[in-house]
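In case you want the letters, here they are:
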Amino acid sequence: MGGGHALRHRRRAAAAQATSHIRLGTAVTAVARHRPERLAQTVATLDRLSGGRAILGAGLGGVKQEFTAFGSTRPGGVGG
């Protein structure tokens, strides 16, 4: 994950330690842009730190440039 992603995950981890009731997560994470094992490990770590309050909003992403910038074509589906 890039620097921006790492910073956001560190902020969620800090929020997990500073709170006890709020749920922590993403609106939507474009899963195709991440290494599955790293994303799973990051979310699992946040879930443990937060006592089970982590939420992962997962999606493919909707902007073709998100895929072509990484050397991929957008997978099929709606608008694909």
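Residues numbered from 1 in each chain as written. Predicted model: local features only at pLDDT ≥ 70, side-chain atom pairs only at ≥ 80, totals over all residues. Heavy atoms only, no water.

1. Quick look at the overall build of the chain
- Of the regular secondary structure elements, the chain holds three helices and four strands.
- Counting from the amino terminus, helix and strand elements in the chain follow one another as α-β-β-α-β-β-α.
- A separation of at least 24 residues holds for 66% of the contacts in the chain among residues at least 6 apart in sequence.
- As displayed, the chain has an accessible area near 5,500 Å², and 56% of this comes from carbon and sulfur atoms. (Helix = DSSP H or I, 4+ residues; strand = E, 2+ residues; numbered from the N terminus. Contact = heavy atoms within 4.5 Å. Areas by Shrake-Rupley, 256 points an atom, 1.4 Å probe, with all protein chains shown as cover.)

2. Description of the side chain of threonine 29
- One can find threonine 29 in strand E2 (residues 29–30).
- Residue contacts for threonine 29: discarding those within four places in its chain leaves His34, Leu39, Leu56, Gly57, Ala58 and Gly59.

3. Considering a positive patch on the surface
- Taken together, Arg8, Arg10, Arg11 and Arg33 make up a surface patch of like positive charges.
- By the element assignment, arginine 33 lies in the loop between E2 and helix H2 (36–49). (Patch = residues over 30% accessible without salt bridge, like charges linked within 9 Å, V, L, I, M, F, W, Y side chains within 5 Å. Salt bridge = Lys/Arg side-chain N within 4 Å of Asp/Glu carboxyl O. Lys, Arg positive; Asp, Glu negative; His and termini not counted. Charge placed at Lys NZ, Arg CZ, Asp CG, Glu CD.)

4. Some points on H2
- Here H2 is 14 residues long and its end C-alpha atoms lie 20 Å apart, about the 20 Å a rise of 1.5 Å per residue gives.
- Of the residues one or two after H2, glycine 51 is the one with positive phi, at around 70°. (Expected span 1.5 Å × (residues − 1).)

5. Some remarks on the confidence of the model for the chain
- With 76% of its residues at a pLDDT of at least 70, the chain reaches an overall mean of 78.
- No element of the chain has a lower mean pLDDT than helix H3 (residues 64–68), which averages 69, and none a higher one than strand E3 (residues 54–55), which averages 91. (pLDDT = per-residue confidence, 0-100.)

6. Side note on the environment of isoleucine 22
- For isoleucine 22, the position within the fold is in the loop between helix H1 (3–18) and strand E1 (24–25).
- Take isoleucine 22: its relative accessible area is 45%, and that puts it in the partly exposed class.
- Sequence separation of isoleucine 22 and serine 50 is 28 residues, and the distance between their C-alpha atoms is 9.1 Å. (Buried < 20%, exposed > 50% of the residue type's maximum accessible area, 1.4 Å probe, protein only.)

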